[in-house]
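Residue-level listing of the chains:
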Amino acid sequence: VYSVYVSVAKGYKTGGFNSAVEDMKDVTFKPEYSWNYEAGLKFNLLNNRITTEASVFYIDWRDQQIYQFNPSGVGSILRNAGKSESKGFELLMKVIPARLLSVTTSYGYTHATFKNYKNDKKGIITDYSGNYIPYVPRHTISVNANYSIFLNNKIMNNIDINAQYLGTGSLYWDEANMNKQSFYNQFNAKISLKILQHAELGIWAQNIFNTKYQTFYFEALGNSFVQY
């Protein structure tokens, strides 16, 4: 069994006003528009024991709204990039090798860049065209395994044992692409007990091997700040 789909959608985000500006041209920012194109394929094999999905996408942005701090580091504003694009693909596979065991893997690749973006900060114009758009990870990977134990009990229904791997990166924190979080890995796990079909008691652990990675970066008052 398989299915094919194609979608085309137009996106819109309203413009607005900045309250803390140091240059009068930053008082307002324009609306953001995008055209989103996606095509995909889904199919099942071996009586639904294997499910596979694949898709490709392309996003064409106009006047993308970019979050920035003021040059002094006091306050933040939204500005518009001229043109941006994001393209890539996603793959997903779910396998049921045994009746109570399922394994789901997915991988996504995104190439998001500025096509035309010249930033004017107090008369100093910097051309960011061709740079990567901040906060967008190039690669995302996940592997999720779940094993269920059904209990012959009217109160306690089943126990689920779950293990998860996540891979993310690399990504940039700024338009200049000077500050970067490299690809990093996380391992998570959870054991849960379902009770009376309506409640769940769980024990979970996140980032088991204590991977150190950046969750946010910004510059203010001439200093750089990183949250780990």
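Residues numbered from 1 in each chain as written. Predicted model: local features only at pLDDT ≥ 70, side-chain atom pairs only at ≥ 80, totals over all residues. Heavy atoms only, no water.

Which residues make up unusual backbone geometry, and what values go with them?
A cis geometry characterises the amide bond from Gly 169 onward to Ser 170, with omega recorded as -10 degrees. With respect to the helices and strands, Ser 170 occurs in the loop between β11 (156-169) and β12 (171-172). Of note in the backbone geometry, Asn 207 takes a positive phi value of approximately 55 degrees without being a glycine. Accessibility expressed as a relative area gives 17% for Asn 207, which makes it buried. (Helix = DSSP H or I, 4+ residues; strand = E, 2+ residues; numbered from the N terminus. Buried < 20%, exposed > 50% of the residue type's maximum accessible area, 1.4 Å probe, protein only.)

Can you lay out empty space enclosed by the protein for me, pointing to particular residues and giving the numbers?
Counted under the stated rule, the structure contains two cavities of 30 Å³ or more. Here the largest cavity is characterised by a volume of approximately 50 Å³. Elements supplying a minimum of two residues to the lining of the largest cavity: β7 (101-116) and β12. With three residues, β7 is the largest single contributor of residues to the lining of the largest cavity. Split into classes, the residues belonging to the lining of the largest cavity amount to six nonpolar, three polar and one charged. Around the second largest cavity sit Glu 22, Asp 23, Asp 26, Asn 70, Pro 71, Arg 79 and Lys 122, which together line it. Partitioned by chemical class, the residues of the lining of the second largest cavity number one nonpolar, one polar and five charged. (1 Å grid on protein atoms, 1.4 Å probe; cavity = no way out; pocket = protein on both sides within 12 Å on 5 of 7 lines; lining within 4 Å. Points joined across faces, edges and corners; volume = space filled by probe spheres on them. Nonpolar A, V, L, I, M, F, W, Y, C, P; charged D, E, K, R; others polar.)

Give me the lowdown on the layout of surface pockets, citing residues and values where you can.
Put simply, the largest pocket is a space of about 440 Å³. Lining of the largest pocket is provided by 24 residues; of these, Phe 69, Lys 121, Asp 174, Glu 175 and Glu 219 occupy positions nearest its centre. Elements supplying a minimum of two residues to the lining of the largest pocket: β5 (50-69) and β16 (216-220). Tallying contributions element by element places β16 first for the lining of the largest pocket, with five residues. The residue inventory of the lining of the largest pocket, partitioned by class, reads 14 nonpolar, six polar and four charged. Here the second largest pocket defines a volume of roughly 210 Å³. Along the walls of the second largest pocket sit 18 residues, with Glu 90, Leu 91, Leu 92, Ser 106 and Tyr 107 positioned nearest its centre.

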